[in-house]
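# Remarks on the overall topology
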Amino acid sequence: MARLLLVAPPGGGKGTQGQRLGADYGVPYISSGELLRDHVAGATPIGRRVRPYLDEGRLVPDALVAELVHERLTTPRPLGGFVLDGFPRNLEQARLADTWEGGGIRLSTVVHLRVADEEVIRRVRERAKTGGRSDDTLSTLRRRLEVYRKATEPLIGLYRDRGVLVEVDGGGGIDEVAARVRQALL
Ligand code: AMP
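Conventions and cut-offs
- Residues numbered from 1 in each chain as written.
- Predicted model: local features only at pLDDT ≥ 70, side-chain atom pairs only at ≥ 80, totals over all residues.
- Heavy atoms only, no water.
- Salt bridge = Lys/Arg side-chain N within 4 Å of Asp/Glu carboxyl O.
- Helix = DSSP H or I, 4+ residues; strand = E, 2+ residues; numbered from the N terminus.
- Buried < 20%, exposed > 50% of the residue type's maximum accessible area, 1.4 Å probe, protein only.
- Core = buried A, V, L, I, M, F, W, Y, C linked by side-chain atoms within 4.5 Å.
- Contact = heavy atoms within 4.5 Å.
- Polar contact = N/O pair within 3.5 Å; in protein donor to acceptor, adjacent residues only side chain to side chain.
- Pairing = 2+ DSSP bridges.
- Expected span 1.5 Å × (residues − 1).
- Arc of directions from axis to C-beta.

In this section: the pattern of salt bridges. Scanning all chains against the criterion turns up 20 salt bridges. Between Arg162 and Asp98 there is a salt bridge whose closest N-O contact spans 2.8 Å. On the criterion of sequence distance, the pair formed by Arg162 in the loop between helix H8 (154-161) and strand S5 (165-169) and Asp98 in helix H5 (residues 91-98) is long-range, its members being 64 residues apart. Judged by relative accessible area, Asp98 falls into the partly exposed class, the value being 32%. Salt-bridge contacts for Arg127 lead to Asp136; the nearest nitrogen and oxygen are separated by 2.7 Å. Classification of Arg127 as partly exposed rests on a relative accessible area of 28%. You can call Asp136 buried: its relative accessible area is 6%. One connected set of salt bridges, linked through shared partners, spans Arg127, Asp135, Asp136 and Arg144.

This next bit is on the nonpolar core. In summary, soluble globular proteins display a tendency toward joint burial of nonpolar side chains. Membership of the largest hydrophobic core comes to 29 residues, with the highest contact counts inside it found for Leu84, Ile105 and Tyr159. Looking at this core, the elements with two or more residues in it are strand S1 (2-7), helix H2 (32-41), helix H3 (45-56), helix H4 (62-72), strand S3 (81-85), H5 and H8. With 5 residues, H4 is the single largest residue contributor to this core. Those residues in contact with Tyr159, other than ones at most four positions away along the chain, are Leu5, Pro88, Ala94, Leu107, Val110, Val164 and Leu165.

This part is about the side chain of Asp136. Turning to its location among the elements, Asp136 is positioned in the loop between helix H6 (117-129) and helix H7 (138-152). At 2.7 Å, the side chain of Asp136 and the side chain of Arg127 are in polar contact. Within the local environment of Asp136, its side chain forms a polar contact with the side chain of Arg144, the two groups lying 3.2 Å apart. Among all residues touching Asp136, those that are not within four sequence positions of it are Val124, Arg127, Ala128 and Arg144.

With respect to burial, S1 is a largely interior element, 6 of its 6 residues being buried. Bridge count between S1 and S3: 5 bridges; the pairing is parallel. Bridged to Leu4 within S3 is Val83. Two elements, S1 and strand S4 (residues 109-114), share 4 bridges in a ladder whose sense is parallel. Bridged to Val7 within S4 is His112.

This part covers helix H1 (residues 14-25). Between its first and last C-alpha atoms H1 spans 16 Å; for 12 residues at 1.5 Å apiece the expected length is 16 Å, and the two agree. Listed as buried for H1 are Lys14, Gln17, Gly18, Leu21 and Gly22. For H1, the angular spread of the buried residues around the axis is 135 degrees, confining them to a single face. Turned more than 90 degrees off the buried face of H1, the exposed positions are Ala23 and Asp24. The elements touched by buried residues of H1 are S1, strand S2 (29-31), S3, S4 and helix H9 (174-185). Within two residues after H1, Gly26 carries a phi angle of roughly 65 degrees, on the positive side.

Structure below.
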């Protein structure tokens, strides 16, 4: 059963590749960023609380985002697996997800998409032009990249040690990267 996690820098293609993978495997694509943005768009109490974090490119408190993702993964439980984008985002979230009932989140494969900073900046600039997201400004992107290096990259070592990591060159066009991801998952 595919219980996949995509790890990549902001603008690294997690969303694009994750949605494709979800469609191809017939399993839900679940993005913690999207769950949070839905709350912001709906101006819910959670949305009002998390908005400043998203606007500034900082991580939302671990327990809050873990609870949101946990709820999404249990009501109903996606029996055929899932493609996760953006959670866990740091070691503490990984630890929390390991304590969930039924043996924890039990990721079968973690795909690390490697993308150079210059390419990330170029892509996010493009996305910003087409009306994209409120956090796609250059200053926020800098913060998000910094957070990625410090907080998220340590996950790569954790999942490598667990033997579930696959490394994929995330540079280049969408179809090219999709083909590499598929090859890596064989
Ligand atoms: P993303 O859509 O993954 O780029 O996430 C957009 C923003 O949502 C991030 O910059 C964070 O502010 C917030 N976010 C998404 N996922 C998480 C997470 N797992 N933990 C904390 N904050 C998150």
